[in-house]
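# Structural overview for review
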Amino acid sequence: MNGHRPQPRLGGWPMVAGGLLAALLALPPARALLEASMLRHMLLQAPLLLLAGALLAGAAGPQARTAMARWNAYGISGLLAAGGILSLLMVPRALDLALVAPPVEAAKFVLLLLAGAALRLSWQPAGLLVQGFFLGNVLPMMAVAGQLYADSTVRICNAYLLDDQARLGEWLIALACGFAVVWLAQVARTMVLRDAHAAALDAAPTLLLKK
Amino acid sequence: MLRTALAAALLACAGYAGASWLTDDFQIWTAEGARRLEVALQPVSVPAVRIEGPGIPVQPLAAWLHAPGRVTVVDFIYTRCETLCLSLGGVFQQMQRRLQQGGGGGAGDGVRLLSISFDGEHDTPDRLAAYARGLGADPALWQFARVPDAHESAALLRRLQVVVVPDGRGGYEHNAALLVLDAHGRLVRVFDLAEQELALNYARHLAAKGDA
């Protein structure tokens, strides 16, 4: 995501794209298509809503960001909110309810957009430690839920088929592992870069002193 | 940092409240669990739908259910089913045997079994009769019916929260369960297939209470 560098002037198009994506996902045919299968409901619709939320968060100007950052030191509030929303929506009843209760469906859309925005605004300030804590909670939860879905012999959602549920379980486990590997690789890279930087400082102290 | 702590605490409370609402105070995690709890707390009346089947001329479901001391254990099936309904059939066979053994003027005699097909287009009364013969159903205790009108059938499934999903291979998956309905045509309890003993005892208890 965006580092601490000043934002390149992209104009408003990411926000427009985010808004369009959210509106597109809310269209009844898109909802019917994505919610017909448990796999698409959880692993396509939800991530797309997160993405739309993240794009929309770009609408926050520097002032708004500073104001929000005061309530969101180290991204703690934002990641807590995102983690909470993701775990709530992993309760099987939430999926079934979203299909039959329009208020729950609306709440699901809003919450996922908010979670996407919160992730974008909080990830960088969080730093490795808070990121690790967040992932250390969310990823095992994802993997355990996936294991349950994959192994269950009964359907946990009335609206979805058993093999759909099992496939979703396998995907959840794979994704949790994948995210963990990617993040750990990033941590390793940061560490190596830090070490290299420190070594460079050690190797050329005089050079730096002269400056 | 203080503001962040405050925001985090508020978010945690909101999350707890949301989770508590969604899971009914952390009792249930699935829609099926919620359905069973709702029914146990607040009985659900069957809508005005007509049924027919072998030995059952077309009549309102509520009328069929209505008799003094009558309690009906209902399951939803379709005759082409080769998985869940077969085990449902097995469960009903065992329950029928128990009813036959316990028969003869004992308490809770008014308990009847009714299998309702949600595949009304295919499951004509003739097909249901053949299916019933195959399962060895005793018409005095266990009858089969369909809801001939598709709209009424859908309304019945919706009201009783029976969810039927086409499996893409010409069959269906559905939340099979044992539904206990009283003489007033109200669904009073939903039991799991594994709880047949409990369902039967509950139905008998209810029937005996109705007699008194």
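Predicted model, so just to flag it, every value in this text is computed and none were measured. (Residues numbered from 1 in each chain as written. Chains lettered and ligands numbered in written order. Predicted model: local features only at pLDDT ≥ 70, side-chain atom pairs only at ≥ 80, totals over all residues. Heavy atoms only, no water.)

## Concerning the overall build of chain B
To keep things clear, this is the line we draw: Helix and strand definitions here come from DSSP, where helices need a minimum of 4 consecutive H or I residues and strands a minimum of 2 consecutive E residues; each element is numbered from the N-terminal end. The buried label applies to any residue whose accessible area, calculated with a 1.4 Å probe on protein chains only, is under 20% of its type's maximum; exposed applies above 50%, and partly exposed to all values in between. We call two residues in contact whenever any of their non-hydrogen atoms come within 4.5 Å of each other. Note on areas: Shrake-Rupley with a 1.4 Å probe; residue coverage comes only from the protein chains shown. We treat Lys and Arg as the positive residues and Asp and Glu as the negative residues; His and chain ends play no part in the count. Positions of charges follow a simple convention, taking NZ of Lys, CZ of Arg, CG of Asp or CD of Glu.
Of the regular secondary structure elements, chain B holds 7 helices and 10 strands. Viewed in the frame of its principal axes, chain B has a C-alpha envelope of about 75 × 45 × 30 Å. A buried classification covers 50% of the 212 residues belonging to chain B. Pairs at least 24 residues apart make up 68% of the contacts formed inside chain B by residues separated by at least 6 positions. Of the roughly 10100 Å² of accessible surface on chain B, a fraction of 56% belongs to carbon and sulfur atoms. With 19 positive and 22 negative side-chain charges, chain B shows a spacing of 2 Å between the two charge centroids.

## Quick word on the overall build of chain A
The helix and strand tally for chain A stands at 9 helices and 0 strands. Along its sequence from the N terminus, chain A presents helices and strands in the succession α-α-α-α-α-α-α-α-α. Summarising its shape, the C-alpha atoms of chain A cover approximately 70 × 40 × 25 Å along the three principal directions. Each of the 211 residues in chain A was classed as buried or not, and the buried ones make up 40%. Accessible surface for chain A amounts to roughly 11700 Å². Of this, 74% is attributable to carbon and sulfur atoms.

## Overview of unusual backbone geometry
Residues and elements named next belong to chain B. The backbone of Asp25 shows a phi angle near 60°, a positive value even though the residue is not glycine. Relative to the helices and strands, Asp25 resides in the loop between α1 (2-22) and α2 (31-41). By relative accessible area, which is 55% here, Asp25 ends up exposed. We note that Gln161 has phi near 55°; this positive angle belongs to a residue other than glycine. Residue position: Gln161 is located in the loop between α6 (150-159) and β7 (164-166).

## Topic: the interface of chain A and chain B
Interfaces are often described in size by the accessible area the parts lose on coming together. Put simply, the test is: A simple way to read buried area is as the amount of 1.4 Å-probe accessible surface that goes missing from two parts once joined, with both sides added. A pair is scored as a salt bridge if a Lys or Arg side-chain nitrogen falls within 4 Å of a carboxyl oxygen belonging to Asp or Glu.
Every contact between the two is made by 25 residues of chain A and, on the other side, 29 residues of chain B. Summed over both partners, the interface of chain A with chain B comes to about 2200 Å²; 67% of that surface belongs to carbon and sulfur atoms. Counting the surface chain A buries against chain B, the share from its top three residues, A:Trp71, A:Arg93 and A:Asn158, is 32%. At the boundary of chain A with chain B, the tally comes to 3 salt bridges. Notably, a salt bridge pairs A:Asp163 with B:Arg169, separated by 4.0 Å at the nearest N-O pair.

## Focus on the pattern of salt bridges
Applying the stated criterion across every chain yields a total of 16 salt bridges over all chains. Across the pair B:Arg98 and B:Glu197 runs a salt bridge whose closest N-O atoms are separated by 2.3 Å. With B:Arg98 in helix α4 (residues 84-102) and B:Glu197 in helix α7 (residues 196-211), the pair connects residues that are 99 residues apart, well separated along the chain. Beyond isolated ion pairs, a larger network of salt bridges with shared partners links A:Arg31, A:Glu35, A:Glu105 and A:Lys108.

## Re the environment of B:Arg112
Residue and element names in this part refer to chain B. Where we set the bar: Here a polar contact is taken to be a pair of N or O atoms separated by no more than 3.5 Å, where protein atoms must pair a possible hydrogen donor with a possible acceptor and residues adjacent in sequence count only if both atoms sit in side chains.
Tracing the backbone shows Arg112 in strand β5 (residues 111-117). In the structure, Arg112 is positioned 11 residues away from Gln101 in sequence and 14 Å away in space, judged by C-alpha atoms. Residue contacts for Arg112: discarding those within four places in its chain leaves Trp64, Arg70, Val71, Thr72, Val73, Ala140 and Leu141. Engagement of the side chain of Arg112 in a polar contact is seen with the backbone oxygen of Ala140, the distance being 3.1 Å.

## Re the confidence of the model for chain A
In low-pLDDT regions, the fine details of the predicted coordinates are not to be read closely. Applicable threshold: Looking at any residue, its pLDDT shows the predictor's confidence there, from 0 to 100.
Looking at chain A, pLDDT values average 89 and 91% of them are 70 or higher. No element of chain A has a lower mean pLDDT than helix α9 (residues 205-210) of chain A, which averages 54, and none a higher one than helix α3 (residues 38-57) of chain A, which averages 95.

## Re the packing of aromatic side chains
The line we're drawing: Only centres within 6.5 Å qualify two rings of Phe, Tyr or Trp (six-membered ring in Trp) as a pair; their planes then separate them into stacked at under 30 degrees, edge-to-face at over 60, and tilted for everything else. Charge-over-ring contacts are defined here by two conditions on Lys NZ or Arg CZ: a distance within 6 Å of the ring centre and an angle within 35 degrees of the ring normal.
Tallying each qualifying case throughout the model produces 10 aromatic pairs over all chains. Look at A:Trp123 and A:Phe134: their rings are 6.1 Å apart centre to centre, the planes differ by 80°, and that puts the pair in the edge-to-face class. Accessibility assignment for this pair places A:Trp123 and A:Phe134 in one class, buried. Ring geometry for B:Phe26 and B:Trp29: centres 6.4 Å apart, planes at 55°, overall tilted. Here the aromatic residues B:Phe92, B:Tyr131, B:Trp142 and B:Phe144 are joined through ring pairs into a cluster of three or more. In this structure, B:Arg70 packs its charged tip against the face of B:Trp64, placed 5.6 Å from the ring centre.

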